[in-house]
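# Survey of secondary and tertiary structure
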Amino acid sequence: MTFREGIVRRGEAGYEELRRRLVRNALLPARYLEVIVRAQTIDEAIAAVRLARELGLQLATRSGGHSWCAAALRDGSLLLDLSRLNDLRVDLDGRRMTVGPGLTNGDLTGALAGHDLGFPAGHCRDVGLGGYLLTGGLGWNAGTWGPACHSVAAVEVVTAQGDVLVADDRHHPGLLWAARGAGPGFFAAATNFEARLYEAPRFTVTSSFAFPLSALADVATWVARLADGLDRRLELSPVFASAPASLAALGIEAGRPIIVVTAVAFAGSREDCDALLAPLEDGVGRRGFLESEARRETPQQALYEVTGARLPAGRQFAADCLWSDEEPLVLFEALVNVTSAEPPIVAPAPSAFSGEGQAVRLGLRGVGRRECSGAQPGMAARDDAGARVAGRRLLRRRGRPRRASEQRCAIVQPGGLAASQRPEGQV
Ligand SMILES: Cc1cc2nc3c(=O)[nH]c(=O)nc-3n(C[C@H](O)[C@H](O)[C@H](O)COP(=O)(O)OP(=O)(O)OC[C@H]3O[C@@H](n4cnc5c(N)ncnc54)[C@H](O)[C@@H]3O)c2cc1C
């Protein structure tokens, strides 16, 4: 079979440029695919799997290219790029959609907004639904809607044999189970997903408060209190960010780390959003906040502007993830080491909050702090080799919370939380 876009082999003209474009992270690993196929149809996806068998190559898959570690780049494999499979069909009455893996979060939410429908799409606009849904997917309004994979009702796949299967509760249920969280370990190429949709919250309102690092302990205690019994409609995100130049007048040098606590309320009325956010304003002045923006209406696309500025494209990222039931203060203290590295390995952000700086995120929403909280240190480093190496080493050495959180981890499974004890050092 011939492929409409042809195939690109290692060593051919255009190979290296394409390899780079397949990965969003500018921290590109030295891993080389033998063959790249960009499928435009399911028939081409089947043909690509069969071609890999013929050539005796392992198969790698890609949708949006947003894997932090560039999982799609596997030495000696045939890469099946599924980003062109990006059809969206919405059943308005049944509140269901079928969606190709190549559609992005931003395009999905944009299309659904016109129908007042919502889906727990991820926090960044350009992430592909293929990798996002397979990974589990912690997105907007996850407190109410749950992880995105819990809304997946069926998945169409091409198996390693080159056969097409549709897995749902009644057919191949084990395959559906695996598709809800296997992530880069998934053992088939997903070509379509069927998922439930929800009535979109009529209002989305955001409050944001910035604090100096000297307020760390106080802010951590405050966040722990807020997160305890947090209303499902509220998403709370403490972030270590780079200070904007506007804070210089307050004695905070541009680019130095500060703490930003953001809360997003998703509710049916403006009054409900205000009621959800009001408690955040109690006593916030005593914590010495630097800047604040309380209760701003933020439609989905505006939320994407904020997260897009925090995690800008074209930068080098080193990221690490873990789940922990540790108190926020322990995690904060460990993560602050990353942000206060000397010399700073992160370019200062001249204007916007953390626009070009580092982002260290503690996701306290999604599964609820009582069971477990997640820590995802991510870092944007300068575009030079020294920063790249330093960034990686630093994150490995200092970015990981070191104490009990390494010893007591919880693993999230679709359908429930299973807390597990892990031996020390195994994260
Ligand atoms: C800026 C940024 C923001 C993010 N924000 C969030 C967030 O808010 N919530 C969240 O949960 N995650 C978030 N993530 C993580 C993201 O969801 C995962 O990295 C996800 O795997 C990316 O999906 P992708 O299709 O874009 O990536 P890709 O790099 O294309 O895919 C990653 C891997 O997933 C597998 N895969 C992808 N598509 C298929 C397919 N169709 N069939 C079989 N296997 C496939 C492959 O092994 C592939 O190598 C974010 C990542 C970035 C870079």
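Heads up: the structure comes first, above all this text.
Scoring rules and cut-offs
- Residues numbered from 1 in each chain as written.
- Predicted model: local features only at pLDDT ≥ 70, side-chain atom pairs only at ≥ 80, totals over all residues.
- Helix = DSSP H or I, 4+ residues; strand = E, 2+ residues; numbered from the N terminus.
- Buried ≥ 20, exposed ≤ 12 C-beta atoms within 10 Å, placed from the backbone.
- Contact = placed C-beta atoms within 7 Å.
- Pairing = 2+ DSSP bridges.
- Axes fitted to C-alpha atoms, helices over the stretch in contact; angles between N-to-C directions.
- Core = buried A, V, L, I, M, F, W, Y, C linked by C-beta atoms within 7 Å.
- Domains from an automatic or database assignment.
- Near = placed C-beta within 6 Å.
- Arc of directions from axis to C-beta.
- Expected span 1.5 Å × (residues − 1).

Okay, the overall build of the chain next. A tally of helices and strands in the chain yields 12 helices and 21 strands. Counting every position in the chain, which comprises 427 residues, the buried fraction comes to 46%. Looking at the chain alone, contacts between residues at least 24 apart form 69% of all its contacts between residues at least 6 apart.

Once that is clear, we can look at the pairing of strand β12 (residues 203–212). Counted residue by residue, β12 has nine buried out of 10 residues, so it is predominantly covered. As judged from the 10 bridges shared by β12 and strand β14 (residues 257–267), these two strands associate in the antiparallel manner. Residue pairing for β14: Ser207 is matched across the bridge by Ala263.

All right, on to the sheet that holds strand β8 (residues 152–158) then. In spatial order, the strands read β5-β6-β10-β8-β9; together these five strands make up an open sheet with antiparallel pairing. The strands lining the two open edges of the sheet, one partner per strand, are β5 (88–91) and β9 (164–167). On average, each strand axis in the sheet is inclined to that of its neighbour by 15°, with strand direction left out of account. Direction of pairing for β5 relative to strand β6 (residues 96–99): antiparallel, over a ladder of four bridges. Paired with Val90 across the two strands is Met97, which belongs to β6. Where helix α2 (residues 42–55) meets the sheet, its contacts fall on β8, β9 and β10 (189–196), and the angle it forms with β10 comes to roughly 140°.

Attention shifts here to the nonpolar core. Residues Leu80 and Ala265 are the most contacted members of the largest nonpolar core, which totals 92 residues. The greatest single-element share of this core, amounting to nine residues, is contributed by β14. Mapping this core onto the domain boundaries places at least three of its residues in each of domain 1 (1–199) and domain 2 (203–421). If sequence neighbours within four positions are ignored, Ala265 has contacts with Val205, Arg233, Leu234, Cys273, Leu276 and Leu277.

Next up on the list: the site of the ligand. Around the ligand there are 32 residues in total, and Gly64, His123, Gly128, Gly130 and Gly131 lie nearest to it. Elements supplying a minimum of two residues to the shell around the ligand: β3 (58–62), α4 (129–135) and β10. The dominant element in the shell around the ligand, judged by the number of residues it contributes, is α4, at five residues.

The next thing to look at is the pairing of β10. Most of β10 sits inside the fold, with six of its eight residues counted as buried. Sheet analysis places β6 next to β10, joined by four bridges and oriented antiparallel. Across the sheet, Arg96 pairs through a bridge with Arg196, a residue of β10. One ladder, built from six bridges, connects β8 with β10; its direction is antiparallel.

The next point concerns the environment of Leu197. Here Leu197 lies in the loop between β10 and β11 (198–199). Considered as a pair, Leu197 and Pro120 are 77 residues apart in the sequence and their alpha carbons are 8.8 Å apart. Contact partners of Leu197, with chain neighbours within four places excluded, come to Arg95, Arg96, Met97, Leu112, Leu117, Gly118 and Phe119.

Phi angles above zero are rare outside glycine, and Ala70 is one such case at about 55°. With respect to the helices and strands, the residue Ala70 is situated in the loop between β3 and β4 (77–81). For Arg295, which is not glycine, the phi torsion reads 55° and is therefore positive. Of note, Arg295 is situated in strand β15 (residues 291–297). By the C-beta count within 10 Å, which is 19 here, Arg295 ends up partly exposed.

A few words now on the sheet that holds strand β2 (residues 35–38). With respect to topology, four strands assemble into an open sheet ordered β1-β2-β4-β3, the strand pairing being mixed. The sheet is open, and its two edges are formed by β1 (7–9) and β3, each paired on a single side. Pairwise comparison of adjacent strand axes, ignoring direction, gives a mean angle of 20° for this sheet. Inspection of the sheet shows β1 paired to β2 by three bridges, in the antiparallel sense. When the sheet's bridge partners are listed, Ile7 is paired in β2 with Val37.

Here we come to helix α9 (residues 300–310). For α9, every residue scored as buried is listed here: Gln300, Leu303, Tyr304 and Arg310. For α9, the angular spread of the buried residues around the axis is 120°, confining them to a single face. Exposed residues pointing more than 90 degrees away from the buried face of α9 are listed as Gln301, Ala302 and Glu305.

Across its 12 residues, helix α7 (residues 216–227) extends 16 Å between first and last C-alpha, which sits within 8% of the 16 Å expected from 1.5 Å per residue. Within the sequence span of α7, burial applies to Val219, Ala220, Trp222, Val223 and Leu226. In an axial view of α7, the angular spread of the buried residues amounts to 165°, which keeps them on one side of the axis. Away from its buried face by more than 90 degrees, α7 exposes Ala217 and Arg225. Gly229 occupies a position one or two residues after α7 and carries a positive phi of about 70°.

Read these as layout, nothing more, since geometry by itself doesn't imply function.
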